[in-house]
Amino acid sequence: MRLIGRAQRRTDQGRDGVAAGTAFTFRAPGGTAAQLSRVESRLRAVAATPDERLAELALHGIEAGGKRLRPALVVCAATAVGGGDAVGERVIDAATAVELLHLASLYHDDVLDAAPLRRGRPSVNALWGNHAAVLGGDVLLAHAYAVAASLGTAELRRLAHTLTALCSGQIAESAAQYDVARDLAHYDAAIRGKTATLLATSCWLGGWTAGASPPLAEALACFGMELGVAFQIVDDVLDLYGLSLQTGKAAGSDLRAGVFTLPVLMTLQRDPGLVELLTTEIDEDGVAEVGRRVRAAGADRRAIALALDHLEIAFGHLRDPLLLAEGVALLAKLAGLVVEPLKRLGVGGDGRIRAARRRNEVDVA
Ligand code: FPP
Ligand code: MG
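K.L.:
So what exactly am I meant to see when it comes to the site of ligand 1 here?
P.N.:
Around ligand 1, the structure places 15 residues, and the nearest of them are His108, Asp109, Arg118, Lys194 and Lys249. A distance of 2.6 Å is found between an oxygen atom of ligand 1 and a side-chain nitrogen or oxygen belonging to Lys194. Those elements giving two or more residues to the shell around ligand 1 turn out to be helix 4 (89-113) and helix 7 (153-175). The leading source of residues in the shell around ligand 1 is helix 4, at seven residues.

K.L.:
Explanation requested: the coordination of the magnesium ion (ligand 2) in the structure shown.
P.N.:
Put simply, a metal with four donors set out as a tetrahedron has ideal angles of 109.5 degrees, and one with six donors set out as an octahedron has ideal angles of 90 or 180 degrees. Donor atoms from the polypeptide that coordinate the magnesium ion (ligand 2) comprise Asp109 (OD) and Asp113 (OD), at 2.0 to 2.1 Å from the metal. Placement of both Asp109 and Asp113 in helix 4 is noted, with a separation of four residues, approximately one turn of the helix.

K.L.:
Where do I start with the packing of helix 3 (residues 69-82) against helix 4 in this structure?
P.N.:
Helices that pack against each other are described as a pair by the angle of their axes relative to one another and the distance between those axes. Relative to each other, helix 3 and helix 4 sit at 155°, their axes nearing to 8 Å. Of the possible angle classes, the one that applies to helix 3 and helix 4 is roughly antiparallel. In this structure, helix 3 crosses over helix 4, and the sense of that crossing is right-handed. Within the contact between the two elements, helix 3 uses Arg70, Pro71, Val74, Val75 and Ala78 and helix 4 uses Val91, Ala94, Ala95, Val98, Glu99 and His102. Taken together, the residues that form the contact of helix 3 with helix 4 break down as eight nonpolar, one polar and two charged.

K.L.:
I'm lost on the packing of helix 3 against helix 15 (residues 325-339) in this one. Help?
P.N.:
Axis separation between helix 3 and helix 15 bottoms out at 6 Å; the angle between their running directions is 155°. Judged by the angle between their axes, helix 3 and helix 15 are roughly antiparallel. By crossing handedness, the relation of helix 3 to helix 15 is classed as left-handed. Counting all contacts with helix 3, which are made through Leu69, Ala72, Leu73, Cys76, Ala77, Thr79 and Ala80, the residues of helix 15 involved are Glu326, Gly327, Val328, Leu330, Leu331, Leu334 and Val338.

K.L.:
Can you walk me through the confidence of the model for the protein in this structure?
P.N.:
In low-pLDDT segments, the atomic positions of the prediction should not be examined closely. For the protein, mean pLDDT is 90; residues scoring 70 or higher make up 91% of the total. Within the model, the stretch residues 1-24 combines pLDDT values under 50 with 84 contacts to residues more than four positions away or in other chains.

Rules and cut-offs
- Residues numbered from 1 in each chain as written.
- Chains lettered and ligands numbered in written order.
- Predicted model: local features only at pLDDT ≥ 70, side-chain atom pairs only at ≥ 80, totals over all residues.
- Heavy atoms only, no water.
- Near = heavy atom within 4 Å.
- Polar contact = N/O pair within 3.5 Å; in protein donor to acceptor, adjacent residues only side chain to side chain.
- Helix = DSSP H or I, 4+ residues; strand = E, 2+ residues; numbered from the N terminus.
- Donors = N, O, S within 2.8 Å, 3.2 Å for Na, K, Ca; no water.
- Axes fitted to C-alpha atoms, helices over the stretch in contact; angles between N-to-C directions.
- Parallel < 35°, antiparallel > 145°, perpendicular 65-115°, else oblique.
- Left-handed = near helix turned anticlockwise from the far one by under 90°.
- Contact = heavy atoms within 4.5 Å.
- Nonpolar A, V, L, I, M, F, W, Y, C, P; charged D, E, K, R; others polar.
- pLDDT = per-residue confidence, 0-100.

Right, dumping it as structure tokens:
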């Protein structure tokens, strides 16, 4: 099964029956394809409720496919704790729960952003309106909690805290719209909340449901958190140049929404004249001009360097001697795929990633 990584247009039914719109996909690392197929089946089974309208709403997002990064992290983290045999029903359920929560957040996010497309298909709000999208997100959230409740109180509580973090990150981002004085600490806190916490929870749940001790599960969560920060920085740099993984997004969609991300905030520190451009309504030419000024200030490269720093910190959390090499190699492979899109900017950072892995004695699957 192809899940993540190389850009690939898919408008048909995937080989494994995973309907995917126009999507960027990752290649499932190592032997995880079969396990991730089980997650796909579970997602569909959970969403197929007797209420046909609710089922249609929930299945729309599920069938659009996507990278399935979060379920892949659950499965790989579980493998790092107990090997491939540890990936039993509890791990599959944990992977299902995190993807359902993620999908719920995307339904709501597309309402907030008035986004017409998601994963290369019309968003739920574009197809059926905001009411349906909010309620569709709610039902996905209910499914996520129902699945997590079958795992136990600790798992359910972790998911609930994750949702709080998501809301906190998103509301912080919304509050900073058009704020040219937004500082880097604010950006860091917002992306940890809206993106990285769910990656951390995915790794925690994978480890925990595979039998990890609390400290080992937390080490995995720290890996996921740092990976999540790197992932969001990369996505924000790509967005500026129209290279986002989210198909159909125009260049500078963050700028147009008044969301000033790391490369722009770094540029503002050296080029205060940028303020004028950012505070008037920005068109295509304005976006291109911001992109040029970000490059001139070297802020694209500095933002990417920071993402790679976070990736190195992530690798450091995989050094725990209790983690199995087989699973660590899978997690390292996933981490590489997350930053692979940097190649679209002509700055792959491959050498730095290899060096960071070497320094932390992390092999790759
Ligand atoms: C996408 O970010 C959005 C998120 C990662 C989280 C949004 C969170 C909420 C809407 C809080 C409510 C959550 C639930 C589960 C009810 P983006 O807009 O930067 O990325 P995009 O390009 O994929 O839209
Ligand atoms: Mg969005």
